[in-house]
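# Topology and contacts: notes
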Amino acid sequence: MGLIKETNAQYYSGQTVVGPTTNTNIFSFKLAETTSTNGFNTELVSAYGLPLLGTGKYTRVSETSNFTIHNLTTNTIVPEDEAIVSNVSTNEVTIVTAVAAGDFVLCQLKENAIDANNGSYSYVSLNDIIDNFMVAYTGQDQILTSVKRSQVLFHAKRSIQEFSYDTFPVIKSQELTVPPSLSVPIPQDYVNYVRIAWVDGNGILHTINPQYGLSANPTELPVQDSDGIPTQSSFGNNINAEQSLTEKRWANANDANITGNYDPFENQGVYDYIWWKQAYGQRYGLIPEVSNVNGWFSINDRTGSISLSSDLAGRLIIVKYISDGLGYDKDMKIPKMAEEAMYMSMMYNIIASRRDIDPGSKAFYKREKYVKTRNAKIRLQNLKLDEIVQVFRGQSKWIKH
Amino acid sequence: MAINVNTVYTTVLSILNKEQRGYITPYEFNQLATQVQLEIFESYFENLNQQLKVGENASEYANRVKLLQEKIARFEVEENIAVATSEANLSTLTDTLHRLGTIHFNNLSYLPVEIQQVTKHEFNLNRRSKLTAPSLDWPIYYKEGNKIIIEPAETSTVAQGKYTVEYVRKPKDVVWNYTLGGVGQYLHSTAAPNQNFEIDDTDQTEVILKILMYSGVVIRDQEIIQAASGAAARQDQLQSS
């Protein structure tokens, strides 16, 4: 049997129809995971739940439903507050007002639910990876005769973390506007940044550089007495200041004093008109990483935020970052192109810590892990011949920016 | 197929009675038969352990691992266990349980997930690690007496019957039931509580030899003991070599 259980209508249009109905107020739209026939990949989520109120409406329990119910026979829509998911594993929906027996009922996924499911076939879930591993690599006459599932779970999650850092193409991003405070909170599942850039009027990104030690975000702000000794509260703890003076000065700094981006008529600036077009960008002492107009950012560990320089206030920025793949359930998925690398990584990490495995096998699986991971990286780099050819054509162009 | 208790009893008596050596009563036979059945039943697990170390052959009828697994399979039971809501997540296992196999958690209509058995020590360690913390997808349990403690616990009334336990039960006690004949003789009766041997019929010879060996002790006949234990030992050796 093929791995795809959704019909074309379920995948492309997010629609499934039941009918002619015999049970007139409970409909099962089936979940692919729990049926041997066709079913949705998407679990139905209702914004409403029990109890049923006196008004004939269900109680609001969350922000939004991801589906709507339509009676195709009467061409009517069931109001969202009159439908609940009564069994999540079978995608069973119960409605308040029964339809007539024999009617056809349609479940329509909302656009964001359809979008979330699109492309899902290129991934395999963490649960599937662990189940497959237990079936194929453990048991009688296998290298791993007896292994605890919690160990497999641990190494599977660790492998996801490691792969998220440098193998999987899972770069997340947030679009933010820099407030007057010049700092935005670090994303909830942030592990490290990939690129922070501001967006110009054409939607083009301009990379914001890190501070390179120009300023700092102190992790502690002890209040000192006149002798310079930190002062303590009545509970014996150091008293900390509310705001860092360094950060305050940095926020008020005139960036032109650092970049050299003075008025053209000030002769100490890099754009001085005397030098214009003679030594543009070649001034003695120019530091390229700080002499640009894109501003600076720093990761402020004390406040858990990304601090930006004053010239970026009010600008639109994009924060691209990596997570570890374990933050949310929906993140715990592995690109199929890296599936074998996952198995070999789990295999080696498990046997590396076992004493009943001979050194030869350990060396073999260490090599296997390396080879499969390298293969996965090459595959996931997404190198296509036509694209490389196009890039190589640039070698005959004389002027490069 | 099970071993007929009457066949075994009559065979034992016919061997014992040769040259008027002695006789064992139905009561004594039932005791010895139950003892021997348990002994052979218990040896299945030890033999399986030995055979797994040797490695299997591909034969259809002479694969020892397969044969032993089939012998054990007839005692395997699967049944639902209830979670005692009054005792949080404590659940009491049945008394007939001999060896605990797998416990499954059946979450709604999803495929059942195996609950991993851990020791109390590992139970605490697993809970502390964020990567291995038990969830409805990956639950764990440990055993305390004949109770099991599951994490995460599903103690609601909905959870009753959500847990399925697979175990090997003990064989039932062997009973050669009888009625008294006209001259006071024992006549075999298949009515309750008559109970045949439940172990596999391929073990019939071993059952008879072992009962004979114990019968020799009962009737104090060294010759019977030596002959029966010699034959039983030869058979054991054949089966395990």
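The coordinates are above.
What counts, and at which threshold
- Residues numbered from 1 in each chain as written.
- Chains lettered and ligands numbered in written order.
- Predicted model: local features only at pLDDT ≥ 70, side-chain atom pairs only at ≥ 80, totals over all residues.
- Heavy atoms only, no water.
- Helix = DSSP H or I, 4+ residues; strand = E, 2+ residues; numbered from the N terminus.
- Buried < 20%, exposed > 50% of the residue type's maximum accessible area, 1.4 Å probe, protein only.
- Contact = heavy atoms within 4.5 Å.
- Areas by Shrake-Rupley, 256 points an atom, 1.4 Å probe, with all protein chains shown as cover.
- Buried area = accessible area lost by both parts, 1.4 Å probe.
- Salt bridge = Lys/Arg side-chain N within 4 Å of Asp/Glu carboxyl O.
- Polar contact = N/O pair within 3.5 Å; in protein donor to acceptor, adjacent residues only side chain to side chain.
- Nonpolar A, V, L, I, M, F, W, Y, C, P; charged D, E, K, R; others polar.
- Pairing = 2+ DSSP bridges.
- Axes fitted to C-alpha atoms, helices over the stretch in contact; angles between N-to-C directions.
- Left-handed = near helix turned anticlockwise from the far one by under 90°.
- Patch = residues over 30% accessible without salt bridge, like charges linked within 9 Å, V, L, I, M, F, W, Y side chains within 5 Å.
- Lys, Arg positive; Asp, Glu negative; His and termini not counted.
- Charge placed at Lys NZ, Arg CZ, Asp CG, Glu CD.
- Parallel < 35°, antiparallel > 145°, perpendicular 65-115°, else oblique.
- Core = buried A, V, L, I, M, F, W, Y, C linked by side-chain atoms within 4.5 Å.

## A look at the overall build of chain B
Of regular secondary structure, chain B possesses 6 helices and 11 strands. Looking at chain B residue by residue over its 241 residues, the buried ones come to 40%. Counting only contacts in chain B whose residues sit at least 6 apart along the sequence, the fraction spanning at least 24 positions is 67%. Just so you have it, chain B exposes about 13100 Å², and 51% of that area is on carbon and sulfur atoms.

## Observations concerning the interface of chain A and chain B
Taken together, the contacts link 22 residues of chain A with 17 residues of chain B. Between chain A and chain B, roughly 1700 Å² of surface is buried when both sides are summed, and carbon and sulfur atoms account for 55% of that area. Considering only the side of chain A, the residues that lose the most area to chain B are Arg149(A), Ser150(A) and Leu153(A), jointly responsible for 33% of the buried surface there. Taken together, the links from chain A to chain B amount to 1 salt bridge. One salt bridge in this structure joins Glu122(B) and Lys148(A), with 3.3 Å as the shortest N-O distance. At the boundary of chain A with chain B, the tally comes to 9 residue pairs in polar contact (both at pLDDT 80 or more). Breaking the side of chain A that touches chain B down by element, the ones donating at least two residues are helix H3 (126–137) and helix H4 (149–166) of chain A. The biggest single contributor to the side of chain A that touches chain B is H4(A), with 7 residues. Split by residue class, the side of chain A that touches chain B holds 6 nonpolar, 8 polar and 8 charged.

## Considerations on the environment of Asn57(B)
Residues and elements named next belong to chain B. Position of Asn57 relative to the elements: it lies in the loop between helix H2 (26–54) and helix H3 (64–73). Accessibility expressed as a relative area gives 41% for Asn57, which makes it partly exposed. Spatially, the C-alpha atoms of Asn57 and Arg128 are 44 Å apart, while their sequence positions differ by 71 residues. Among the polar contacts made by the side chain of Asn57, one reaches the main-chain carbonyl oxygen of Ala62 at a distance of 3.3 Å.

## A word on the sheet that holds strand S1 (residues 15–18) of chain A
All names here are of chain A. Pairing is antiparallel across the open sheet formed by 4 strands, whose spatial order is S1-S9-S5-S6. Sheet topology places S1 and strand S6 (76–78) at the edges, where each strand pairs with a single neighbour. Ignoring strand direction, the axes of neighbouring strands in this sheet form an average angle of 30 degrees. In this sheet, strand S9 (residues 105–109) lies alongside S1 in antiparallel orientation, the contact comprising 4 bridges. Within S9, the residue paired with Thr16 across the bridge is Cys107.

## Examining the sheet that holds strand S7 (residues 83–87) of chain A
Residue and element names in this part refer to chain A. Pairing in this open sheet of 3 strands is antiparallel, and the strands run S2-S8-S7 from one edge to the other. The sheet terminates laterally at strand S2 (26–28) and S7, the two strands that pair on one side only. In this sheet, adjacent strand axes meet at a mean angle of 30 degrees when their direction is disregarded. Here S7 pairs with strand S8 (residues 92–95) via 4 bridges, running antiparallel. What sits directly across from Val85, in S8, is Val93.

## Thoughts on the packing of H3(A) against helix H7 (residues 339–352) of chain A
Residues and elements named next belong to chain A. Between H3 and H7, the shortest axis-to-axis distance is 11 Å and the interhelical angle comes to 65 degrees. With respect to the hand of their crossing, H3 and H7 are arranged in right-handed fashion. Each of Ile129, Asn132, Phe133 and Tyr137 in H3 lies in contact with H7, whose residues at this interface are Glu339, Glu340, Met342, Tyr343, Met344, Met346, Met347 and Ile350. Considered class by class, the residues forming the contact of H3 with H7 number 9 nonpolar, 1 polar and 2 charged.

## Some words on the side chain of Asn63(B)
With respect to the helices and strands, the residue Asn63(B) is situated in the loop between H2 and H3. Every residue in contact with Asn63(B), bar those within four places of it in the chain, is listed here: Glu56(B) and Asn57(B).

## Points about a negative patch on the surface
Residues Glu33(A), Glu43(A), Asp128(A), Asp131(A), Asp329(A) and Asp137(B) make up a contiguous surface patch of negative charge. Here Asp329(A) shows up in the loop between strand S18 (316–322) and strand S19 (333–335). Classification of Asp329(A) as exposed rests on a relative accessible area of 69%.

## Brief notes about the packing of helix H1 (residues 5–16) of chain B against helix H5 (residues 204–218) of chain B
Residue and element names in this part refer to chain B. Across the interface, H1 lies against H5 with an axial gap of 10 Å and an inter-helix angle of 50 degrees. By the angle class used here, H1 and H5 are oblique. The element H1 and its partner H5 pack so that their crossing is right-handed. Facing Thr7, Val8, Thr11, Val12, Ile15 and Leu16 of H1, the residues of H5 in contact are Gln204, Val207, Ile208, Ile211, Leu212 and Ser215. Taken together, the residues of the contact of H1 with H5 sort by class into 8 nonpolar, 4 polar and no charged.

## What to know about the nonpolar core
Grouped together as the largest cluster of nonpolar side chains are 35 residues, with contacts concentrated most on Val8(B), Ile24(B), Phe29(B), Phe197(B), Ile199(B), Val207(B) and Ile211(B). Within the residue set of this core, elements represented by two or more residues are H1, H2, H3, strand S11 (197–200), H5 and helix H6 (222–240) of chain B. Considering each element in turn, this core owes the most residues, 9 residues, to H2(B). Apart from residues no more than four positions distant in its own chain, Ile211(B) is found in contact with Val8(B), Val12(B), Phe29(B), Leu32(B), Ala33(B), Val36(B) and Phe197(B). Ranked by size, the runner-up nonpolar core spans 33 residues in total, among them Ala156(A), Ile334(A), Met347(A) and Tyr348(A).

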